Amino acid sequence: MCGEPFKDKQTYHTVLLTGEPRPVRYDFCSSCWQRETASGLLQNPQVISYWKGTYIIPPKPTEAIERNTAELLLKKLATTDDPNSHAVVYILALMLERKKIIKLKKRAYINGKTTLIYEHKETGESYTITEPTLTPDQIHIVHASVTKLLEQEIGSQTA
Ligand SMILES: [Zn+2]
C-alpha cells in the first residue's frame, strides 16, 4: 500500500480479511491493487469479501460556514445602534431562526417599535432586535444584500 490519500472520483479496491476480534479492512488504489492481486492476494483463504468503489471527497461544510458567519454578523450588528443595520439584523435573525440556531423568546412593543428578543439555543445569549417596517419587496432586497454580505464575509475568512 502506498498510503496516498484517495483523490475525488478515484477507484479504490477493498478487501475484508478474517481477523480477531473483527475482520480487517484494507483499501487500495488501483496500482497497489494490481500489485497485490498479482502476488495472489485474492487467493488468500482469509479473504472474506472484495469490492470496488469510487471514492468521493466529502463536500466542504459550506452550510456550517454560512451559519457561523451569519451568527458572527448578527452578534456584531445586533449591538450597534445604527438604524441602517436594523433590516440586516432582522433578516439574519430570520435566517438563523429558520436554521433553528436561535428562537424567538418575546415580542414587545417598546417606544413605538416592535422589539424581538431572540435567544441562542445553545449558548443562551439573547439578541434584541428591532423589527423594521418592510414591505415584502423590501424584505426581498434586504435578503439579497444579506446573502451578498455573507458571501463577502465568507470570502474574506477563507482568503
Ligand atoms: Zn496505492
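Being a predicted model, the structure only gives us computed values, none of them experimental. (Residues numbered from 1 in each chain as written. Predicted model: local features only at pLDDT ≥ 70, side-chain atom pairs only at ≥ 80, totals over all residues. Heavy atoms only, no water.)

A.B. asks: Teacher, can you tell me more about the nonpolar core here?
C.D. replies: Within soluble globular proteins, side chains that are nonpolar generally end up buried alongside one another. L74, L92, I102, I129 and V146 are the most contacted members of the largest nonpolar core, which has 23 residues in total. Contributing elements (two or more residues each) for this core: α2 (62–78), α3 (86–98), β5 (113–120), β6 (126–130) and α4 (136–158). Of all the elements, α3 adds the most residues to this core, at nine residues. In contact with L92, other than residues within four places in its own chain, are A70, L73, L74, L77, V146 and L150. Residues V15, C29, W33 and L41 belong to the second largest nonpolar core, which totals six residues. (Core = buried A, V, L, I, M, F, W, Y, C linked by side-chain atoms within 4.5 Å. Buried < 20%, exposed > 50% of the residue type's maximum accessible area, 1.4 Å probe, protein only. Helix = DSSP H or I, 4+ residues; strand = E, 2+ residues; numbered from the N terminus. Contact = heavy atoms within 4.5 Å.)

A.B. asks: I'm lost on the coordination of the zinc ion in this one. Help?
C.D. replies: Tetrahedral coordination by four donors sets the ideal angle at the metal to 109.5 degrees; octahedral coordination by six donors sets it to 90 or 180 degrees. Only C2 (SG), C29 (SG) and C32 (SG) from the protein coordinate the zinc ion, and they sit 2.1 to 2.2 Å from it. When the donors of the zinc ion are listed by position in the chain, the intervening gaps give C-x26-C-x2-C. Since its relative accessible area comes to 2%, C32 is described here as buried. (Donors = N, O, S within 2.8 Å, 3.2 Å for Na, K, Ca; no water.)

A.B. asks: What's the story with the packing of α2 against α3 in this structure? I'm lost.
C.D. replies: Describing two packed helices takes the angle between their axes plus the distance from one axis to the other. For the pair α2 and α3, the least separation of the axes is 9 Å and the interaxial angle reads 145°. α2 and α3 meet at a crossing whose hand is left-handed. Along its contact with α2, which presents R67, A70, E71, L73, L74, L77 and A78, the element α3 presents V88, V89, L92, A93 and L96. Grouping the amino acids of the contact of α2 with α3 by side-chain chemistry returns ten nonpolar, no polar and two charged. (Axes fitted to C-alpha atoms, helices over the stretch in contact; angles between N-to-C directions. Left-handed = near helix turned anticlockwise from the far one by under 90°. Nonpolar A, V, L, I, M, F, W, Y, C, P; charged D, E, K, R; others polar.)

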